[in-house]
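Chains, contacts and geometry: an overview
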Amino acid sequence: MGSEQFYGYRLTSKRSSYSSPNPKVPVGPTTLIRKVEAQDSPNCHLSTRFDSDILSSGASPPANFFEDCTSFNQSGNIHYMKNALQDIETTLMAPDEEVSTPTPMPMNPISAQTRWPQQSTHEPTSSNMVHPQAAAYSPRYSLSANNNNNLKMLLISCASALAANKISEFEILVERAQALVSISGDPIQRLGAYMVEGLVARRELSGNNIYRTLRCREPQGKDLLTYMHIMYEICPYLKFGYLAANGAIAEACRNEGRIHIIDFQIAQGTQWMTLLPALAARSGGPPHVRITGIDDPVSEYARGDSLELVGRRLESVSQKFKIPIEFHPLPVYAPLVTVEMLDVRPGEALAVNFPLQLHHMPDESVDVNNPRDERLRMVKSLSPKVVTLIEQESNTNTAAFLPRFSEALDYYSAVFESIDAVLARDKKDRINVEQHCLARDMVNIIACEGTERVERHELFRKWKSRLTMAGFTQYPMSAYVNSVIQELLKCYSQNYSLAEKDGAMLLGWKDRNLISASAWH
């Protein structure tokens, strides 16, 4: 197989013959790329498509941003998380012995997750975009706790009227709701502004147009990266996902001399920037690591470059830590990946990573071929040493419209409350984060149906059922990693929670679980 050799780094030159039917997101001139402090956060959930440790020039958060992040200032959290991650991964790969809980290291988040692109050649005009304006939705009074509950009930009443096709009643209720919501108000007022937009889009049958518009008319890459960076600086939701997944991979492959990692959403490759140095530090010498990175056009837009940028990052790690790395870029949509494209070789320990990706694949309720379960069966046929799964803990896949609306309202209420605990309500950054990182998913969940609805989350118990039926057995999550995540969460609000249930780790806000992480073999 042809390759370019860079010390211990190998880039396979074999390219997939696949040509995407989807239009690529337009990309402007490539801007200067630089790293910021953190290098180890996971892909951001809630519609993120990239790792925000890589920012275009000028994309850093405002200088006074952290003045408003009081919980971060109090805990001294603006430091590297990398040392903690490397320490965990190195410990997990060390010879079996009793280990002690390390001194907690403050988290330094960064990163973002990829959303599945709509397969459409239409590009709606910007007039359909969800941009609720503060003036249009200015509240008539400040909501008390009672009124917060009343607004929640009003939103549910709007959805109920729409579900029953009581259009006149719906229009009256929506008008009342529009008088109460505000993008700079309480968490429920802010959330309500976007929920109302989703309801109106559903009523006008324009949900998919708005969803595609939000995807195609995003802010410039450097601005969007900044919003994702801010989101990751203030929320730990998926930081623990990389940590849990890397811990499982490190433990499963601790004695392997050749490791093949298949990442079904490679983004910037940030997840591997701490695992690889830990592998390089193994007492018996570093293993040979091959990484197959699966991509999509939106991640390429975020990077401002092709997967070759990921290759350059891996080359740098290879040279710095003297570890042989082979990178196979695979610019193919995840549902279209075949076994032949993955080039699985005998003698390699295989690790497969699904970071917030599987819920975008349709299941039997959408496609008789059931691509979701088929993908799991295909991976099982490869006999992987370990499979890691990170997903939103929400039930929006097969639920009918009204219960799905209520579920989304409950889920995103927790997310908006967690943001409210850190960022001031009048901060423009907060408005941008909520609009560009969260609104799109909510619109898709509320306003779209059938194949157009791509945000199809499932609870862990359903994922467990799917994986079990595909022939997988759960791989125990490390108690050591759990203890370290518990310590790291002390850098954030005490309202964050970490629990273990049915073999999975669940991260949440108050009594609402939001993200699950699990491992399988």
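Residues numbered from 1 in each chain as written. Predicted model: local features only at pLDDT ≥ 70, side-chain atom pairs only at ≥ 80, totals over all residues. Heavy atoms only, no water.

1. Re the overall build of the chain
Our working rule: To qualify as a helix, a DSSP run of H or I must reach at least 4 residues; to qualify as a strand, a run of E must reach at least 2; elements of each kind are numbered from the N terminus. Each accessible area is a Shrake-Rupley estimate made with a 1.4 Å probe; only the visible protein chains count as cover when residues are assessed.
The helix and strand inventory of the chain stands at 18 helices and 13 strands. For the chain, the exposed surface amounts to about 19400 Å²; the carbon and sulfur share of it is 49%.

2. Observations concerning helix α5 (residues 187-203)
Selection rule: Between the first and last residue of a helix there are one fewer steps than residues, each counted as 1.5 Å, and that sum is the expected span.
Taking 1.5 Å of rise per residue, 17 residues should cover 24 Å, and α5 covers 24 Å from first to last C-alpha, within 8% of that figure. Leucine 205 lies just past α5 and shows a positive phi near 55°.

3. Considerations on the environment of serine 418
Put simply, the rule is: Here, residues are in contact when the closest pair of their heavy atoms is within 4.5 Å.
Tracing the backbone shows serine 418 in helix α14 (residues 401-420). Separated by 183 residues in sequence, serine 418 and cysteine 235 have C-alpha atoms that sit 7.5 Å apart. Once residues lying within four places of it in the same chain are set aside, the contact partners of serine 418 are Cys235, Tyr237, Tyr496 and Trp509.

4. Looking at the nonpolar core
So the rule is basically this: Here the nonpolar core consists of buried residues drawn from Ala, Val, Leu, Ile, Met, Phe, Trp, Tyr and Cys, with membership extended through side-chain atoms lying within 4.5 Å. Note on exposure labels: buried denotes an accessible area under 20% of the residue type's maximum, exposed denotes more than 50%, and partly exposed covers the range between, all computed with a 1.4 Å probe on protein chains only.
By size, the foremost hydrophobic cluster in this structure holds 103 residues, and its most contacted members are Leu199, Tyr237, Leu276, Ile291, Leu314 and Phe405. Of the residues forming this core, the biggest block, ten residues, is contributed by α14. Residues contacting leucine 199, with those up to four places away along its chain left out, are Leu155, Cys158, Ala159, Leu162, Phe170, Phe401, Phe405 and Ile446. Counting residues in each nonpolar core, the second largest holds 27 residues, with Ile262, Phe264, Leu342 and Leu467 among its members.

5. Focus: the environment of glutamine 178
Assignment of secondary structure puts glutamine 178 in helix α4 (residues 167-178). Separated by 18 residues in sequence, glutamine 178 and valine 196 place their C-alpha atoms 7.3 Å apart.

6. Overview of the side chain of threonine 292
Put simply, the rule reads: Distance and chemistry together define a polar contact, namely a pair of N or O atoms within 3.5 Å, with one atom able to donate a hydrogen and the other to accept it when in protein, and with adjacent residues in sequence counting only for side-chain atoms on both sides.
As for its position among the elements, threonine 292 is in strand β6 (residues 288-294). The class of threonine 292 is buried, set by a relative accessible area of 0%. Within polar-contact distance, the side chain of threonine 292 engages the side chain of histidine 260 at 2.8 Å. In this structure threonine 292 touches His260, Ile261, Ile262, Asp263, His328, Leu330 and Leu342, once residues within four positions along its chain are discounted.

7. With respect to the packing of helix α8 (residues 239-252) against helix α18 (residues 479-489)
As a reminder, the rule being used: Axis definition: a line fit to C-alpha positions, over the contact stretch in the case of helices; interaxial angles, taken between N-to-C directions, run 0 to 180 degrees. Here roughly perpendicular refers to angles of 65 to 115 degrees, roughly parallel to angles under 35, roughly antiparallel to angles over 145, and oblique to all remaining angles. Should the near helix be turned anticlockwise from the far one by less than a right angle, the crossing is termed left-handed; should it be turned clockwise, right-handed. Classification used: nonpolar for Ala, Val, Leu, Ile, Met, Phe, Trp, Tyr, Cys and Pro, charged for Asp, Glu, Lys and Arg, polar for all others including Gly.
At their nearest, the axes of α8 and α18 sit 10 Å apart, and the two run at 160° to each other. In terms of their interaxial angle, α8 and α18 are classed as roughly antiparallel. Handedness of the crossing formed by α8 with α18: right-handed. Facing Phe240, Leu243, Ala244 and Gly247 of α8, the residues of α18 in contact are Val481, Ile485 and Leu488. The class makeup of the residues in the contact of α8 with α18 is six nonpolar, one polar and no charged.

Honestly, that's just the spatial picture; any functional story needs more than this.
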